[in-house]
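Geometric and topological summary
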Amino acid sequence: MAGRVDALYFFLLAVSGFFGLLIAGLVVYFAIKYRRRHPNAVGAQVAGGMMLEIGWTVLPFLITLIIFFWGANIYFAMSRPPDETLNIYVVGKQWMWKIQHTDGTREINELHVPVGRAVRLIMTSEDVLHDFSIPAFRVKADVIPGRYTQIWFEATKPGRYHLFCAEYCGTRHSGMTGQIVVMDAADYQTWLSGGAPEGSLASAGEKLFAELACNTCHRPDSRGRGPVLAGIFGRPVQLQNGEAVPADEQYLRESILQPSAKVTAGYQPVMPAFQGIVTEEQLLALIEYVKSLSTPQQQALPARPDPTAPRPGETR
Amino acid sequence: MREHTLTPGSHPALAHHFDNLEQQAEAATLGMWVFLLTEVLFFGGAFLVYTVYRHMYHDAFVVASHELDVVLGTINTAVLIGSSLTMALAVHAAQVGSKRLIQIFLILTIVLGCVFLGIKATEYLHKFHEHHVPGPVFQFEAKYFREAQIFFSLYFVMTGLHALHMVIGIVVMLVILWQASRGAFSAEYFVPVEVIGLYWHFVDIVWIFLFPLLYLIGRHGVA
Amino acid sequence: MNVFPAHHYLNDGYGIKSWLLTRDHKRIALLYLAAITFFFFIGGAFAVVMRIDLATPAGDLVSDDTYNELFTMHGIVMVFFFLIPAIPAVLGNFLVPLMIGAKDLAFPKLNLLSWYIYIVGGFFTLHAIVTGGVDTGWTMYAPLSTQFSTTRVIPAALGIFITGFSSILTALNFIVTIHRMRAPGLSWFRLPLFLWATYATSVITVLGTPVIAVTVLLVAAERVFHFGFFNPAIGGDPVLFQHLFWFYSHPAVYIMVLPAMGVISELVAAFCRKPVFGYSFVAFASLGIAVLGFLVWGHHLFVAGQSVYASLIFSMLSFMVAIPSAVKVFNWTATMYKGSISWQTPLLYAGGFIGLFTIGGLTGLFLAAIGLDVHLTDTYFVVAHFHYIMVGGTIMGYLGGLHYWWPKISGRLYPEGLAKVAAVIIFVGFNLTFFPQFIVGYLGMPRRYHAYPPEFQVLNVLSSAGASILGFGYLLPMVYLAWSLRYGKVAGSNPFGATGLEWTTTSPPPTENFAVTPIVTSGPYQYPSPGEKHVA
């Protein structure tokens, strides 16, 4: 991906260089050739040329069309992670990055990833806007409180790369930096097995699920007051108002914090709201747990079947 | 139809940089129209925020809107439309050069404006007592506790800005009333009255949008 | 032999009251000149401290909070108190009535009021600066600005709100004046291009400024009353703030650059002594920029959580808005063909504008391409891009115009040799300051950072060195223009032999501008062929 971005960049450099030098060259050339030779000289009346005007309107227009499509193409690729990704959760807060691997490993300001594998970061903020930026991979995205955003990348070379916060977030914005550590597959496995004393993220979520008494209503059979959660991740959910929404991370998050926003058809709106009761990280654990209740095939679906479709009731 | 006739010698109201009263009047009215355009954009920003959140939180908005006093709101709407009528009559009085009628109708407009503001103040007081002012003392049914605050925030900001515009309009009308009482206007020169008329009608139109959008959500017979 | 007129607007009444209560558009223009120069140096001082801090990677000159306040206040002061008013309120106020053959603007008292409003708004902002500063960034994104920042956000927001009215009233004045007060014979397509640009700018101002007004009001309301428009905890959307903010702030950049383009049209015509090539295309391009400028705000939100399809549309439109600007650059260049070119200082500034604005505009294309913008946004590349347009563009246009019309304003010539030197110093200093920033931004250095990885230091040092040269360069015109008021050569009514109604009256003009209302019989920029008597 970085290569594609750079290719466009260098093309634009060439186009800019060409036009910049052309204009500068013409100005300098005219400056010398048509310099005023005696004090009362005036310039010649030159008739405007319609063809010329059209020409130098249409030509730049065509060039910009090329650039637009090129850039759009790259952007589409950036917005559509492949089906199989290694998912890692990121929570930004003033002024640090908290990273959670699904196996329970946590990191602060460092993200270890294996080389050659597509990695998808699902991110949110606890407070203000931040931006998770990896210049070497040419990716970044704002990290927004109350919402999940995502980026994906596939690292091609082991090494250490800068991680920056790229949305001004207050006092220690310049200090909210870190490293992306790309390791080859074997080293990564070694590193991974050294962490996670508390078990995987999903198992933490399972514990929380019991502690918060979610399991009293969300039973594995259909006798509970709440919908069965096994197998729902990634599939559409029928709502009371007739709409169907995909059960992705954003949906699960909202259903925990504000359950009355989207009530599943056939159920009463009796679920209590957990806003203010669970932290962002606990939310991620719960979500991972619910994900783990779906089969691997179901889990492999992209979190949002169409990330670009507007979802009911959401702004962009 | 207004008539601006040129009088020999300079009319006392003619400013030095204009050629004639007609040019001056046209400039003044064009200026007010441009200003009203800025006001459309100003309120437009607030209406945009309203539209976005109403779309997002429709149910909460319906419930919250029902907490507003639709009787008082309707009375206020009638009062304001009435004040637009008296304002139009004031402008007409100015066109025919009737100093007495200008004064009467301006006073009526001001009075109606004040009635509107008084009723608004009463509504605000009710909201305060019912703990519907967003912030630390806000109370509302749990289901819509969050989004209702956005509704009421919009209610106070939009009606508050509207009320502020009315206050400014009333102050300007008082000035023009004073000018009228000193005989400043005639059939030849009455453009200040015309211009405040435009402004006042605009303020009325903003309310005509605010009223249904804030008070009448989901009230068309269906609960 | 040039003679200083006996009666003119500067000696038509002495004393502080005759200035502070003036209704003369020319005196009001000078009141604005003093005020914006003051704010320019305040904003510039902040920039100097920032660049010194940035010379070392460690961010050790000032604390984090102080640095954050510096870049915020640099932005607020420069955008709202210098760039937006500079050309319209100084050059526009002075020239619009003169160029259309009128005695004053349509609403002289409103004009004076708008200056006072500017001063009051400036006072609020200065108060915010002096009592603790603001650290939200001039963009004031929520929820940092509405909930988390502990600095003087409300006075700063109110200062911006108040000053917005000054902008609106000036623009309103221009619109009505240009519509209703043109001299006999001066049809729309005989207007000088500066007036087309001023008109387009005024339309943008009138439509866009109210939106920022209501937006900063919502921010203040959220801070004071805890309303939650942008607070996710009660269902508010921080991204909505960004939409509202940029809906104005993108057209605002056209408010800043269009008047400068208008100046360039005048300078190129005057110093090549021929009509601007493609006059009507340049005029329509101004209007085109005004319209398209309102449709591109989403390009500031490509990585902010905006939907993919919305981003694509904004990207496409952002490319479109570049086209009319390119058309103007081509037309100005073509104007020089077969001109009679005299490289006096104003044309040096115009040449600088054409080069630097072109680079700035071309780098805008980099940012409009979404796939590339993801990498470049929020880095120093963007900082360099907008400084090329704002400083390389607008400030060059402003200085070029100030020099060109200085004889008309003051009756005296500026010292040509020293002015040329200053222009070159400014050009060199500017490029040294901002060109390295393109590179360091592409390499990944984020903006609004004062501590950065050491590998970016060399480029930062170059940039800081350039800033010191640029700062020195800006001081020079202040000095020699003031000097010329007393010691400059007497200019006479048309020292450059240019066309335009403003050059048909004395330098300085009388208070009522023209002894006799001019009657216009031809289009602009009609220079007689050699042998004919030169007529304005």
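Residues numbered from 1 in each chain as written. Chains lettered and ligands numbered in written order. Predicted model: local features only at pLDDT ≥ 70, side-chain atom pairs only at ≥ 80, totals over all residues. Heavy atoms only, no water.

**Topic: the sheet that holds strand 7 (residues 139-143) of chain A**
Residues and elements named next belong to chain A. For clarity, the threshold we go by: When DSSP finds two or more bridges between two strands, those strands count as paired. Only DSSP runs of H or I covering at least 4 residues are called helices, and only runs of E covering at least 2 are called strands; the numbering of each starts at the N terminus. To get an axis, a line is fitted to the C-alpha atoms, and for a helix only the part in contact is used. The angle between two axes follows their N-to-C directions and goes from 0 to 180 degrees.
Strand order in the open sheet made by the 5 strands is 4-10-9-6-7, with mixed pairing throughout. Looking at the sheet topology across the chains shown, the edges are occupied by strand 4 (110-114) and strand 7. The mean angle between the axes of side-by-side strands here comes to 20 degrees, regardless of whether they run parallel or antiparallel. The pairing of strand 9 (residues 159-165) with strand 10 (residues 178-183) spans 5 bridges and is classified as antiparallel. Looking at strand 10, one finds that His162 is bridged to Gln179.

**Re the interface of chain B and chain C**
Here is the rule we go by: Any two residues whose heavy atoms approach within 4.5 Å are treated as being in contact. Accessible area, probed at 1.4 Å, shrinks when two parts are joined; the buried area is that loss added up over both. Any carboxyl oxygen of Asp or Glu within 4 Å of a side-chain nitrogen of Lys or Arg constitutes a salt bridge here. Throughout this description, a polar contact denotes any pair of N or O atoms lying within 3.5 Å of each other; where both atoms belong to protein, one of them has to be capable of donating a hydrogen while the other can accept it, and for residues adjacent in sequence the pair is counted only when both atoms sit in side chains.
Taken together, the 35 residues of chain B in the interface contact 36 residues of chain C. Regarding the contact of chain B and chain C, the summed buried area is about 3,000 Å², with carbon and sulfur atoms giving 77% of it. When the buried surface of chain B facing chain C is broken down by residue, His17, Leu41 and Phe42 of chain B rank first, second and third, together holding 18% of it. Applying the counting criterion to the chain B and chain C interface returns 1 salt bridge. Across the salt bridge formed by Arg180 of chain C and Glu26 of chain B, the nearest N and O atoms sit 3.6 Å from each other. At the junction of chain B and chain C, the tally comes to 8 residue pairs in polar contact (both at pLDDT 80 or more).

**Quick look at the sheet that holds strand 3 (residues 106-108) of chain A**
All names here are of chain A. With respect to topology, 5 strands assemble into an open sheet ordered 3-2-1-5-8, the strand pairing being mixed. Each of the sheet's edge strands pairs with one partner strand only, and the pair in question is strand 3 and strand 8 (149-154). This sheet shows a mean twist of 25 degrees between the axes of neighbouring strands, independent of strand direction. Running over the sheet, helix 6 (residues 280-292) touches strand 1 (86-93), strand 2 (96-101), strand 3 and strand 5 (118-125) and is turned about 165 degrees from strand 1.

**As for the domain arrangement of chain A**
All names here are of chain A. So the rule is basically this: Just so you know, the domain bounds were taken from an automatic or database domain assignment.
The domain boundaries assigned to chain A delineate domain 1 (86-192) and domain 2 (201-294). Using C-alpha coordinates to define each centre, domain 1 is positioned 26 Å away from domain 2. Domain 1 puts 18 residues into the contact, and the matching count from domain 2 is 12 residues. The contact between domain 1 and domain 2 buries some 1,300 Å² in all, and 51% of this surface belongs to carbon and sulfur atoms. By the criterion of area lost to domain 2, the three top residues of domain 1 are Tyr89, Gln100 and Tyr148, representing 47% of everything that side buries. Viewed at the interface, domain 2 and domain 1 are joined by 3 salt bridges.

**A short note on the pattern of salt bridges**
Note the threshold: Any residue under 20% of the maximum accessible area for its type is buried, any over 50% is exposed, and the rest in between are partly exposed; the area is computed with a 1.4 Å probe on protein chains only.
One pass over the full model with this rule turns up 18 salt bridges over all chains. In this structure, the salt-bridge partner of Asp24 of chain C is Lys26 of chain C, at a minimum N-O distance of 3.0 Å. The burial state of Asp24 of chain C is the same as that of Lys26 of chain C; both residues are buried. Among the charged side chains, a salt-bridge network with shared partners connects Lys98, Arg106, Glu126 and Glu281 of chain A.

**Topic: the interface of chain A and chain C**
The interface of chain A with chain C comprises 81 residues on the first partner and 90 residues on the second. Across the interface of chain A and chain C, roughly 7,300 Å² is buried in total on both sides, 68% from carbon and sulfur atoms. A per-residue breakdown of the area chain A buries against chain C is headed by Arg36, Tyr75 and Tyr168 of chain A, which together make up 11% of the total. For the pair chain A and chain C, the interface holds 1 salt bridge. Arg172 of chain A is the partner of Asp64 of chain C in a salt bridge, and the nearest nitrogen-oxygen pair spans 3.2 Å. Taken together, the connections running from chain A to chain C amount to 27 residue pairs in polar contact (both at pLDDT 80 or more). Elements represented by at least two residues in the side of chain A that touches chain C include exactly helix 1 (2-33), helix 2 (50-79), strand 7 and strand 9 of chain A. No other element matches the 18 residues that helix 2 of chain A contributes to the side of chain A that touches chain C.

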